[in-house]
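Coordinate analysis (summary)
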Amino acid sequence: MKSVLAAVALLLGTAAPAAAAAADFPVLQMNLCRSGVAKCFDQGGTNPMAKAASTIVAVNPAVVTLNEACASETTKLAADVKAQSGRVYTVVWQPVGKKENGRTTPYPCTSGRGEYGIAVLARQDLGAVKAREGGYFGPQDGGAEQRAYLCAKFGTVNACTTHLSTKRPAVEQQCQDLKGLLAKYGTGTVFGGDLNLRYPGDPSAQACVPAGSFRKGDGSVQHIIAGSAFDFGSSGKTSIPGTDHPAWRVTLTR
């Protein structure tokens, strides 16, 4: 069909229509270790939030996924990015749960920094939030902390994140639950998160990937998963002093 169009165009003295160029769609995952309880908090005496903001400005991601974040600092992060670049990010927040006396409430960060949790930040050109789904996995490690998941819909893109448990069998079941969640949201889904699973590994991070999607990992426990509406372009890491994980960037195309 393309050759026919080209021939007709040649006879008419016009150029054949060019195929639409693939657009870059960077996704940035960061685990910021901000609870105030874990040993990695302000590692080396450094607060990582300024570097997190400058990394977002440099990468210009369409979607940012955050793990081990604090609500007030996440709001300020988006504001700092806007101040430095003029770019606006919509923040969708999901607190990690704290289970006590048979009920679950938001887990707090220390020093009055608000709820502890996970977040999706979407660049303004993706559109407004059309829907969100967030909650807590069924199986947990057995402690007070309840690991959470989050998905938000922006236009034709669904952006998801989670931070899975560290122990078996909870992490294995959470991995399967995540796989089902991403499959439900379909081909236009992007995910970033700390799965506490490696590839290769036992259990393997690949077990969390639904059919038709692909995964790119940072060589450790952070992974980005994308549906078939996307192709892989490139990837890279940026050191974030003050936390125990680098920022993990995967540039997709669509």
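Here goes a summary of the coordinates provided. (Residues numbered from 1 in each chain as written. Predicted model: local features only at pLDDT ≥ 70, side-chain atom pairs only at ≥ 80, totals over all residues. Heavy atoms only, no water.)

1. Some words on the overall build of the protein
Across its full length, the protein carries 4 helices and 15 strands. Relative to a compact globule of 254 residues, whose C-alpha radius of gyration would be 18 Å, the protein shows 20 Å and is just as compact. In terms of principal-axis extent, the alpha carbons of the protein reach across some 80 × 40 × 35 Å. Residues counted as buried form 47% of the 254 residues belonging to the protein. Once local pairs closer than 6 in sequence are excluded, the contacts in the protein between residues at least 24 apart make up 69%. Side chains of the protein carry 26 positive and 18 negative charges; the gap between the two charge centres is 4 Å. (Helix = DSSP H or I, 4+ residues; strand = E, 2+ residues; numbered from the N terminus. Rg over C-alpha atoms; globule rule 2.2 N^0.38 Å. Buried < 20%, exposed > 50% of the residue type's maximum accessible area, 1.4 Å probe, protein only. Contact = heavy atoms within 4.5 Å. Lys, Arg positive; Asp, Glu negative; His and termini not counted. Charge placed at Lys NZ, Arg CZ, Asp CG, Glu CD.)

2. A word on the packing of helix α2 (residues 49–59) against helix α3 (residues 71–85)
Contact geometry of α2 with α3 gives a least axis separation of 9 Å together with a crossing angle of 50°. One element, α2, and the other, α3, form an angle in the oblique class. As for the relative orientation of α2 and α3, their crossing is right-handed in sense. From α2, M49, A52, A53, S54, I56 and V57 reach across to α3, where they touch E73, L77, D80, V81, Q84 and S85. Broken down by class, the residue content of the contact of α2 with α3 amounts to 7 nonpolar, 3 polar and 2 charged. (Axes fitted to C-alpha atoms, helices over the stretch in contact; angles between N-to-C directions. Parallel < 35°, antiparallel > 145°, perpendicular 65-115°, else oblique. Left-handed = near helix turned anticlockwise from the far one by under 90°. Nonpolar A, V, L, I, M, F, W, Y, C, P; charged D, E, K, R; others polar.)

3. Notes on the sheet that holds strand β5 (residues 103–106)
Read across the open sheet, the 3 strands follow the order β5-β4-β8; overall the sheet is antiparallel. With partners counted over all chains shown, the strands left at the sheet margins are β5 and β8 (145–146), one partner each. Sheet topology note: the strand β4 (residues 97–100)/β5 ladder contains 4 bridges and is antiparallel. Bridging across to β5, G97 finds its partner in P106. (Pairing = 2+ DSSP bridges.)

4. Comments concerning the pattern of salt bridges
Counting across every chain of the model gives 10 salt bridges. K98 is the partner of E100 in a salt bridge, and the nearest nitrogen-oxygen pair spans 4.0 Å. For E133, the salt bridge identified is with K184, shortest N-O distance 2.8 Å. Of the two residues, E133 is situated in strand β7 (residues 129–136) and K184 in helix α4 (residues 170–185); the sequence distance between them amounts to 51 residues. Within the structure, one salt-bridge network assembled from shared partners comprises R34, D42, E73 and R113. (Salt bridge = Lys/Arg side-chain N within 4 Å of Asp/Glu carboxyl O.)

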